Amino acid sequence: MMQFGEAFDKVARVCNLGYPGGPKIDNLAKSGEANIELPITHFDNLDFSFSGIKTAVINLNHKTPDLNKANLCASFEKSVTEMIISNVKKALKTLGENRIVLAGGVSRNSYIRNSFDKLSEEMNIEVYYPEGILCTDNGAMIASSGYYEFLKGNFSNFDLNAVPNLKL
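Rules behind the numbers
- Residues numbered from 1 in each chain as written.
- Predicted model: local features only at pLDDT ≥ 70, side-chain atom pairs only at ≥ 80, totals over all residues.
- Heavy atoms only, no water.
- Helix = DSSP H or I, 4+ residues; strand = E, 2+ residues; numbered from the N terminus.
- Buried < 20%, exposed > 50% of the residue type's maximum accessible area, 1.4 Å probe, protein only.
- Contact = heavy atoms within 4.5 Å.
- Areas by Shrake-Rupley, 256 points an atom, 1.4 Å probe, with all protein chains shown as cover.
- Lys, Arg positive; Asp, Glu negative; His and termini not counted.
- Charge placed at Lys NZ, Arg CZ, Asp CG, Glu CD.
- Expected span 1.5 Å × (residues − 1).
- Arc of directions from axis to C-beta.
- Salt bridge = Lys/Arg side-chain N within 4 Å of Asp/Glu carboxyl O.

A.B. asks: Even after reading the chapter, I still don't get the overall build of the chain, so can you show me in this structure?
C.D. replies: A count of helical and extended segments in the chain gives six helices and two strands. Ordering the α and β elements of the chain from the N terminus gives α-α-α-α-β-α-β-α. Taken along the three principal axes of its C-alpha coordinates, the chain extends 55 × 40 × 35 Å. Relative to its 168 residues, the chain shows a buried fraction of 33%. Partitioning the intrachain contacts of the chain with sequence separation of at least 6 by distance along the chain shows that 75% fall at a separation of at least 24. When the accessible area of the chain is evaluated, it comes to approximately 10,800 Å², of which 53% is carbon and sulfur surface. Within the chain, one finds 17 positive and 19 negative side-chain charges whose respective centroids are separated by 2 Å.

Right under this line is the structure:
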């Protein structure tokens, strides 16, 4: 769910909430209602795309000066969670699994956790969450991985470019 946190960060930035976006959206959404229809993207496979919903939020924010930000955040949170739950259901059925682990910064979001708790009951699956202190930006995980590669003497040339989906 690489794009997941980035989507929250971008929406928080558009709404002038600050960084990191996950906790800011989570807090503001609690005082709002999910009453704004936002586009939900579904694929036949297990891919995700949050570009449509991010664009919709940006456009709504720019075109509607009196837009209730709490309602926008609650609607965004609900729509993104619906996309993720849909794919997780497909993945669990396809793979024959009965457990899932949520990790990364956005996994601390209370709406997302509540939705996965409901999914757990609905599908009789186990959902595991790290302690909240461990649910941080995955950048810490990448940095830690880089540290251990450094200790092994694995270095890259200075012409290395960013590869968002590079395997660790």
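Past the structure itself, the notes keep going.
A.B. asks: I would appreciate a short explanation of helix 4 (residues 69-95) in the present structure.
C.D. replies: It helps to recall that an α-helix has 3.6 residues per turn; residues three or four apart then point in one direction. Between the first and last C-alpha of helix 4 there are 38 Å, a value that for 27 residues agrees with the 39 Å anticipated at 1.5 Å per step. Phi turns positive one or two residues past the end of helix 4, at Gly 96, with a value near 70°.

A.B. asks: For this particular structure, what's the right way to read helix 2 (residues 21-29)?
C.D. replies: When helix 2 is considered as a whole, its buried residues turn out to be Gly 21, Gly 22, Ile 25, Asp 26 and Ala 29. Burial along helix 2 is one-sided: seen end-on, the buried residues are contained in an arc of 125°.

A.B. asks: How should the pattern of salt bridges be read in this particular structure?
C.D. replies: If the charged atoms of two oppositely charged side chains come close together, the side chains can form a pair. Enumeration according to the criterion identifies three salt bridges in this entry. The closest approach of N and O atoms between Glu 6 and Lys 54, which form a salt bridge, is 2.7 Å. Of this pair, Glu 6 sits in helix 1 (residues 2-14) while Lys 54 sits in helix 3 (residues 51-63), and the two are 48 residues apart along the sequence. Assessed through its relative accessible area of 34%, Glu 6 is described here as partly exposed. Residue classification places Lys 54 among the buried residues on the basis of a relative accessible area of 14%. Here Lys 152 makes a salt bridge to Glu 149, at a shortest N to O gap of 3.4 Å. Taken together, the residues span about one helical turn, with Lys 152 and Glu 149 both in helix 6 (residues 139-152) at a distance of three residues.

That's the geometry; what it means functionally is another story.
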